[in-house]
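Tertiary structure, described
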Amino acid sequence: MKKTLLALCVLGVCSSAVANTPSEKAIQIAQDNMIIDTHIDVPYRVNKGWEDVTQATDKGDFDYPRAVKGGLNAPFMSIYIPATYEKSGGGDELADKLIDSVEAIVGRAPDKFALAYSTADVEQAFKDHKIALPMGMENGTPVGGSMDKLRHFYQRGIRYITLAHSLSNHIADSSYDLRRQWHGLSPFGKELVVEMNKLGIMVDISHVSDDAFYQAVEISKAPVIASHSSLRKFTPGFERNMDDEMVKALAKNGGVIQINFGSSFISGVTQQWSNLRKAELEKQGIEDDKDARKAFDEKFKSSNPYPYASLDMVLDHIDYVKKLVGIDYVGIGSDFDGVGDSLPRDLKDVSYYPYLVQGLLDRGYSEADINKVLHGNLMRVWKAVEKVATEM
């Protein structure tokens, strides 16, 4: 496997030339037009180690100065709840705490940020030259089988829910979990999708099993989203990503796939590297030993350098969706602050969106199509979800 990885790198599969410096046009497009990113893990990051993201920070992928430089207008703050809370309990308390932290960001700098509970709020913040902070919940565990809890989190500002995460929960089977207890959605999960439609919460099918995806799409009266997923075409065998038939079904539903920037989501070579590392960890039986795992990683990476993806590879995913189903069904869900040190060389933090714009320009995308990728497609879906809620 190691020789295979090295051979692929030599052939240029795992890397490409550094992206072109953004032109004035690319920078202007990023600054003049709305950019929505549907998945940034700031709340969990600041919960683990507090940083004032209203100012420049030394760590992480997001802070206000970098967001302004990149032209970011509406980053969905991910209310991420680890899968272990399904059994341990307390997921609802953590979710409320993380929502509190988003409200605190706005309270600390109301001249820079604004909470966003609707598409109208996002548009108003854009007019006011503020960064809107809508919220999505990554992992439905905090709902706890209660529609009252669901309504509580809607009232607190949650506007999408990723039904499951790395383990199956009381709502849906996870793509990562071999135990498919529900064969898709649970009975409660099916009812939950309908109630989310009624409230105006977007159904997010990132992380769920294929069966759960198809059932959610069939049940939902509103378009669904994949808030931070990429394409299985480029990462064969990685069920966390979406295959061609799923993307077609998503487009038929009117939904949108928001491309994840993490290298292992983008590059098949990086996925092979991750699989090799995981297999070696399991072989040595040190997956749960933090210190042993750290020592292992240092040694493993010294002999197997991490094969970072590139901006070109991210653009390949966008191109592929465009060719498969059309430009109206793709956007960006970077997973900044959620994928650690695995971001492509040319997309390292929220200041790098102009590089993405330049890459799209270089590939012949019109400004109208670029705006669909940056915000138009997601706003179309969100407005459709709001409309269905009003009608229901």
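The structure reproduced in this document is the subject of the present report. (Residues numbered from 1 in each chain as written. Predicted model: local features only at pLDDT ≥ 70, side-chain atom pairs only at ≥ 80, totals over all residues. Heavy atoms only, no water.)

Let's talk about the overall build of the chain
When helices and strands are counted, the chain shows 17 helices and 10 strands. In summary, the chain has a C-alpha radius of gyration of 20 Å against a globular reference of 21 Å for 392 residues, a match within 12%. Sorting the 392 residues of the chain into buried and exposed places 58% on the buried side. Roughly 16,100 Å² of accessible area belongs to the chain as shown, and the carbon and sulfur atoms make up 51% of that amount. (Helix = DSSP H or I, 4+ residues; strand = E, 2+ residues; numbered from the N terminus. Rg over C-alpha atoms; globule rule 2.2 N^0.38 Å. Buried < 20%, exposed > 50% of the residue type's maximum accessible area, 1.4 Å probe, protein only. Areas by Shrake-Rupley, 256 points an atom, 1.4 Å probe, with all protein chains shown as cover.)

Examining unusual backbone geometry
Leave glycine aside and you will find that most residues have negative phi; peptide bonds, for their part, are mostly trans. In this structure, His 207 takes a positive phi of about 85° despite not being glycine. Locating His 207 in the fold gives a position in the loop between strand S7 (202-204) and helix H10 (210-219). For Asp 337, which is not glycine, the phi dihedral falls at a positive 65°. Mapped onto the elements of the fold, Asp 337 is located in the loop between strand S10 (330-332) and helix H16 (353-362). Asp 337 gets classed as buried once you look at its relative accessible area, which sits at 16%.

Notes on a negative patch on the surface
Residues Glu 282, Glu 287, Asp 288, Asp 289 and Asp 291 make up a contiguous surface patch of negative charge. Checked against the element boundaries, Asp 291 lands in helix H14 (residues 290-303). Judged by relative accessible area, Asp 291 falls into the exposed class, the value being 62%. (Patch = residues over 30% accessible without salt bridge, like charges linked within 9 Å, V, L, I, M, F, W, Y side chains within 5 Å. Salt bridge = Lys/Arg side-chain N within 4 Å of Asp/Glu carboxyl O. Lys, Arg positive; Asp, Glu negative; His and termini not counted. Charge placed at Lys NZ, Arg CZ, Asp CG, Glu CD.)

Some points on the packing of helix H6 (residues 91-108) against helix H8 (residues 147-155)
Across the interface, H6 lies against H8 with an axial gap of 11 Å and an inter-helix angle of 10°. If you check the angle between H6 and H8, you find them roughly parallel. Note on element contacts: H8 touches H6 through Lys 149, His 152 and Phe 153, opposite Asp 92, Ala 95, Asp 96 and Ile 99. Of the residues in the contact of H6 with H8, the class split is 3 nonpolar, 1 polar and 3 charged. (Axes fitted to C-alpha atoms, helices over the stretch in contact; angles between N-to-C directions. Parallel < 35°, antiparallel > 145°, perpendicular 65-115°, else oblique. Contact = heavy atoms within 4.5 Å. Nonpolar A, V, L, I, M, F, W, Y, C, P; charged D, E, K, R; others polar.)

Regarding the side chain of Arg 232
Secondary-structure assignment places Arg 232 in the loop between strand S8 (225-229) and helix H11 (244-253). Accessibility expressed as a relative area gives 15% for Arg 232, which makes it buried. Reaching out from Arg 232, the side chain makes a polar contact with the side chain of Asp 210 at a distance of 2.9 Å. If we skip the residues at most four places from it in the chain, Arg 232 touches Asp 210, Gly 237, Phe 238, Glu 239, Asn 241, Met 242, Asp 243 and Met 246. (Polar contact = N/O pair within 3.5 Å; in protein donor to acceptor, adjacent residues only side chain to side chain.)

Some words on the nonpolar core
Leu 163 and Leu 356 are the most contacted members of the largest nonpolar core, which has 92 residues in total. Discounting chain neighbours no more than four positions away, the residues touching Leu 163 are Asn 139, Gly 140, Asn 169, Ile 171, Ala 172, Leu 185, Leu 192, Met 196, Val 203, Asp 204, Val 208 and Ala 216. Met 34, Ile 36, Val 381 and Val 385 belong to the second-largest nonpolar core, a separate cluster that totals 20 residues. (Core = buried A, V, L, I, M, F, W, Y, C linked by side-chain atoms within 4.5 Å.)

Looking at the side chain of Asp 61
Counting through the fold element by element, Asp 61 comes out in the loop between helix H3 (42-48) and helix H4 (64-70). The side chain of Asp 61 sits in the buried core without any salt bridge; Arg 66 is the nearest counter-charge, 5.5 Å away. Within the local environment of Asp 61, its side chain forms a polar contact with the backbone nitrogen of Asp 337, the two atoms lying 2.5 Å apart. Apart from the residues lying within four places of it in its own chain, the contact partners of Asp 61 are Arg 45, Arg 66, Phe 336, Asp 337, Leu 343, Lys 348, Asp 349 and Val 350.

A few points about the environment of Ala 216
Mapping Ala 216 onto the fold places it in helix H10. In contact with Ala 216, not counting residues within four places along its chain, are Leu 163, Leu 185, Val 193, Val 203, Ile 205 and Val 224.

Section: the pairing of strand S6 (residues 158-162)
Most of S6 sits inside the fold, with 5 of its 5 residues counted as buried. As a crossover connection, the stretch from strand S5 (residues 135-138) through H8 into S6 is right-handed. Examined bridge by bridge, S6 and S7 share 3 bridges and lie parallel to one another. By the bridge assignment for S7, Thr 162 is matched with Asp 204. Note that the unit made of S6, helix H9 (residues 187-199) and S7 has a crossover that is right-handed. (Right-handed = clockwise from strand over helix to strand, strands pointing away. Pairing = 2+ DSSP bridges.)

Overview of H14
Over its 14 residues, H14 runs 20 Å from end to end, which matches the ideal 20 Å to within 8%, given 1.5 Å per residue. Where H14 is buried, its residues contact helix H13 (268-284). The opening residue of H14, the one whose side-chain oxygen lies 3.3 Å from the backbone nitrogen of Asp 291, is Asp 289. (Expected span 1.5 Å × (residues − 1).)

Some details on the environment of Ala 292
In this fold, Ala 292 is placed in helix H14. For the pair formed by Ala 292 and Arg 159, sequence separation is 133 residues and the distance between their alpha carbons is 40 Å.

A short note on the packing of aromatic side chains
Considering all chains together, one arrives at 15 aromatic pairs under this definition. Seen in terms of ring centroids, Trp 273 and Phe 300 are 5.3 Å apart; in terms of plane orientation they differ by 65°. Their pairing is edge-to-face. Here Trp 273 is found in helix H13, whereas its partner Phe 300 is found in helix H14, with 27 residues between them in sequence. Here Trp 273 falls in the buried class, since its relative accessible area comes to 4%. Connected via pairs of aromatic rings, a cluster forms that spans Trp 273, Phe 296, Phe 300, Tyr 306 and Tyr 308. Just above the ring of Tyr 154 sits the side chain of Arg 159; from NZ or CZ to the centre is 3.8 Å. Positioned above the aromatic ring of Tyr 365 is the side chain of Lys 322, whose terminal nitrogen or guanidinium carbon lies 4.2 Å from the ring centre. (Phe/Tyr/Trp six-rings, centres within 6.5 Å; stacked < 30°, edge-to-face > 60°. Lys NZ or Arg CZ within 6 Å of the ring centre and 35° of its normal.)

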